[in-house]
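Geometric and topological summary
Single-letter residue listing:
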Amino acid sequence: MAGQRGSLPVVAIVGRPNVGKSTLFNRIVGERAAIVEDRARTTRDRLYGDAEWNGRRFVVVDTGGLEIDPDDLIEAKVQLQARLAIAEADVIVFVVDAITGLTPADLDAAELLRTARAPLFVAVNKADNPQRELEAAEFWSLGWEHTFPIAANHGRGVADLLDEIVLALPAETEAEHARKVREAEADEFARDVETGRLRPFIVGSEGSDGDGSGAEDDADEDFADAEAVAASDAETARWDAMLAADGDEPPAIAFVGRPNVGKSSLLNSLLGEDRMIVSDIPGTTRDAIDTRIPWGRTEVVLIDTAGIRKRGKVASSAAADRYSALRSLKAISRADVAVLLIDGVDGLTAQDAHIAGYVVEEGKGLVIAINKWDAVEDKKGTTFDTYVEWIRHEAPFLDFAPVVSISARTGQRVGRVLELAVDVWAERRRRVGTGELNRIISTASDRQQPPMVKGHRPKIFYATQAAVAPPTFVFFARDAASVHFSYQRYLENRLRDEFGFLGTPIRLVFRERAGIRIERRAGKRSARAAGAAKRSR
Ligand code: GDP
Ligand code: GDP
């Protein structure tokens, strides 16, 4: 596996089922966000994860996930893991359970693991309190020099464990060293960002976009400034609360569009006899009613269904148009995803594009539904593709949005509308790991450098995803204000190629990092790294 993963060293996590291997894996790889987003299952299925600690990168393997036959005895499972770890790992973390204490399966595994040449650390997990920490001492009897009481689910003791793991890794390769020189300075910023110390650009707040204004140009500015820290802590807490709260909220979907495009017909088609309405919830605007309906294993909320029904009866007029537009805007601001209906016979009109533009500005997900497909004449196999091409051409800024042709009248593909909306909802909440993100950006900028603007070539150091819904990426760069629009587009396209983000706007924010500060930090860092290297010898 080391070969597959390039030059990065491999840290294998071994242990009986239920001791907390995958919890530790997630903690090290940093996928808490994914769990919050209820992707726990996919996370669980991930056997490999890239991690970084104290400037060293490595691959973590959850050997528990490698079990092939669920009917195997526990002993057999652990033995298989142990063999794999012995064969492949540069460092082994043997996880045991402070609550159950030492078991025969642990002893079996230990016997095998003793033959490993790789350094091994015993992680006594579930040492949630001082009492259990004391009890963890029992595992010293296994005979390994390094035994760490940890609580993987709260992170207790994990940092100390990681410190030791990193010191035990084999010397870094040339390639890793080269990459590190390039990225070391940015790591420091990254940690500040991740710990919340450096988070002025927080979370979907309007007005932070495009703020490469160099507010932080002052190289001596002190990030530890107490007020700033307090503010960003509050932001972090707010953000965490928002993520957690959001986790329980079903997707909120708004049908929007000009009068007579078929919004109420679509609604009726979806709410038809066979579909049970779970509840009507008063919306936040006066006389707005939202409707909750079952969808798959969950539910979706359709925003302002009252407004849609009402509008169905309004004759087309300038006043009706305005009313409809206003109502649409209100619905969009409360929704996660907007389904923009356009009239298949009329095609995309200026007002359609206007509403769509508002969806993008608000950072909401977007699905374009071409309605009245039944009434589009002379359809051929290529009609839909031609239609989509034309929309892309007319409104290139909507090219991220999926398009579907439907007929609210016949019911053709109406279910697909909600399917797409829910997909988009999930994409909008997707969180990308910092390591993965930076590899993509690094490759992208190797392939194509930012163009010079007025004699300056911006240099991007580091990127991190600061927010979801919509996905918001912050790039730390020198000459951030000079990152040309075309280059922002290039980066956005790379992110979309790599991660999808179907139907959701994504935001790129460029923050200035003054070079002088980076060099100073880099100096400090390499001194520390050198010290660490000495200690490990
Ligand atoms: P694995 O089968 O070894 O991968 O174990 P899991 O990571 O799935 O964890 C098994 C159970 O132990 C889960 O219910 C976890 O929530 C729980 N667990 C994990 N870490 C801790 C911890 O530090 N303290 C306590 N009390 N429980 C934990
Ligand atoms: P709203 O104002 O957007 O809610 O639009 P309505 O749902 O009230 O529809 C306006 C008109 O378009 C009505 O006469 C509908 O019968 C018609 N209509 C709606 N959907 C379709 C469709 O899929 N095909 C055709 N041919 N007509 C439709």
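Just so it is clear, the model here is predicted, and its values are computed rather than measured. Note that residues are indexed from 1 along each chain, following the sequence as it is written. Here the convention is simple: chains get letters from A, ligands get numbers from 1, in the order in which they are written. Residues qualify for local features only when their pLDDT is at least 70, as the model is predicted, and side-chain atom pairs are given and counted only at 80 or more; totals for whole chains, interfaces and linings, by contrast, use all residues. The basis for every side-chain value is the complete set of non-hydrogen atoms in the structure, without hydrogens or water.

**Some remarks on the pairing of strand 7 (residues 252-256)**
- Three labels apply to residues, based on accessible area from a 1.4 Å probe with only protein chains included: buried if under 20% of the type maximum, exposed if over 50%, partly exposed otherwise in between. Numbering goes from the N terminus for both helices and strands, where a helix is a DSSP run of H or I of at least four residues and a strand is a run of E of at least two. Counting buried positions along strand 7 yields five of five residues, so the element is predominantly enclosed.
- The two faces of strand 7 match: Ala 252, Ala 254 and Val 256 on one face and Ile 253 and Phe 255 on the other face are all buried.
- Strands are labelled as partners when DSSP assigns at least two bridges between them. One ladder, built from two bridges, connects strand 7 with strand 10 (residues 298-302); its direction is parallel. Bridge pairing links Ala 252 to Val 301 in strand 10.

**What about unusual backbone geometry?**
- The linkage connecting Ala 469 with the following residue, Pro 470, adopts the cis geometry, with an omega of 0°.
- Along the chain, the position of Pro 470 falls in the loop between strand 14 (459-467) and strand 15 (472-478).
- Positive phi values are uncommon outside glycine, yet Lys 372 reaches one of about 65°.
- Structurally, Lys 372 can be placed in the loop between strand 12 (365-371) and helix 14 (383-394).
- A residue is classified by how much of its surface remains accessible, and Lys 372, at 26% relative accessible area, is partly exposed.
- If you trace the backbone, Ala 469 turns up in the loop between strand 14 and strand 15.

**Some points on the site of ligand 2**
- Residue proximity to a molecule or strand is established when one non-hydrogen atom of the residue lies within 4 Å of it. Residues in contact with ligand 2 amount to 17 residues; listed here are only the nearest, Asn 260, Lys 263, Ser 264, Ser 265 and Asp 374.
- Here a polar contact is recorded for every N or O atom pair within 3.5 Å, except that within protein the pair must consist of a potential hydrogen donor and a potential acceptor, and residues adjacent in sequence are included only if both atoms are side-chain atoms. Between ligand 2 and the protein, one listed contact pairs an oxygen atom with a backbone N or O atom of Asn 260 at 2.7 Å.
- Interatomic distance of 2.9 Å between a backbone N/O atom of Gly 262 and an oxygen atom of ligand 2.
- For ligand 2, whose free accessible area comes to 570 Å², the fraction covered by protein is 81%.
- Take the shell around ligand 2: its biggest share by element is three residues, from helix 10 (residues 263-270). Note that accessible areas follow from Shrake-Rupley with a 1.4 Å probe, and for residues the cover is restricted to the protein chains shown.

**With respect to the confidence of the model for the protein**
- For every residue, the predictor assigns a confidence score, pLDDT, that lies between 0 and 100. The predicted model of the protein averages 75 in pLDDT, with 70% of residues at 70 or higher.
- Within the protein, helix 2 (residues 32-36) has the poorest average pLDDT of any element, 34, and strand 12 the best, 98.
- By the convention used here, residues are in contact when the closest approach between their heavy atoms is within 4.5 Å. Counting contacts from residues 1-6, a segment whose pLDDT is below 50, to residues more than four positions away or on other chains yields ten contacts.
- Counting interchain partners and residues more than four positions distant, the pLDDT-below-50 stretch residues 198-245 has 69 contacts.

**A look at the site of ligand 1**
- In the vicinity of ligand 1 there are 15 residues, among which Asn 18, Lys 21, Ser 22, Thr 23 and Asp 128 approach most closely.
- For ligand 1, a nitrogen atom lies 3.1 Å from a polar atom in the side chain of Asn 125.
- Compared with its free state, where it exposes 590 Å², ligand 1 has 73% of that area covered by protein.
- Of all the elements, helix 1 (residues 21-29) adds the most residues to the shell around ligand 1, at three residues.

**Points about the environment of Ala 85**
- Along the chain, Ala 85 turns up in helix 4 (residues 74-88).
- Exposure remark for Ala 85: the relative accessible area of 1% places this residue in the buried category.
- Along the backbone, Ala 85 and Val 14 are 71 residues apart, and their C-alpha atoms lie at a distance of 7.3 Å.
- Not counting residues up to four positions away in its chain, the partners in contact with Ala 85 are Ala 12, Val 14 and Ile 92.

**Things to note about the packing of aromatic side chains**
- Here the aromatic set is Phe, Tyr and Trp, taking the six-membered ring for Trp, and pairing holds for ring centres within 6.5 Å; pairs whose planes are under 30 degrees apart are stacked, those over 60 apart are edge-to-face, and all others are tilted. Considering all chains together, one arrives at nine aromatic pairs under this definition.
- Pairing Tyr 387 with Trp 390 gives two aromatic rings, centres 6.1 Å apart and planes at 85°, and the pair type is edge-to-face. Taken as a pair, Tyr 387 and Trp 390 lie in helix 14 at a separation of three residues, close to a single helical turn.
- Assessed through its relative accessible area of 11%, Tyr 387 is described here as buried.
- Aromatic pair Phe 473 and Phe 501: ring centres 5.9 Å apart, planes at 70°, arrangement edge-to-face. Linking Phe 473 in strand 15 with Phe 501 in the loop between helix 17 (485-499) and strand 16 (507-512), this pair joins segments that are 28 residues apart in sequence. Pair check on accessibility: Phe 473 and Phe 501 agree, each one buried.
- In this structure an aromatic cluster arises from ring pairing among Trp 373, Phe 384, Tyr 387 and Trp 390.
- For a ring to carry a charge above it, either NZ of a lysine or CZ of an arginine must fall within 6 Å of the ring centroid while also lying within 35 degrees of the normal to the ring plane. Geometry around Trp 144 places Arg 114 over its ring, the cationic atom sitting 5.3 Å from the centre.
- Its guanidinium or amino end placed over the ring of Phe 501, Arg 430 lies 6.0 Å from that ring's centre, counting from NZ or CZ.

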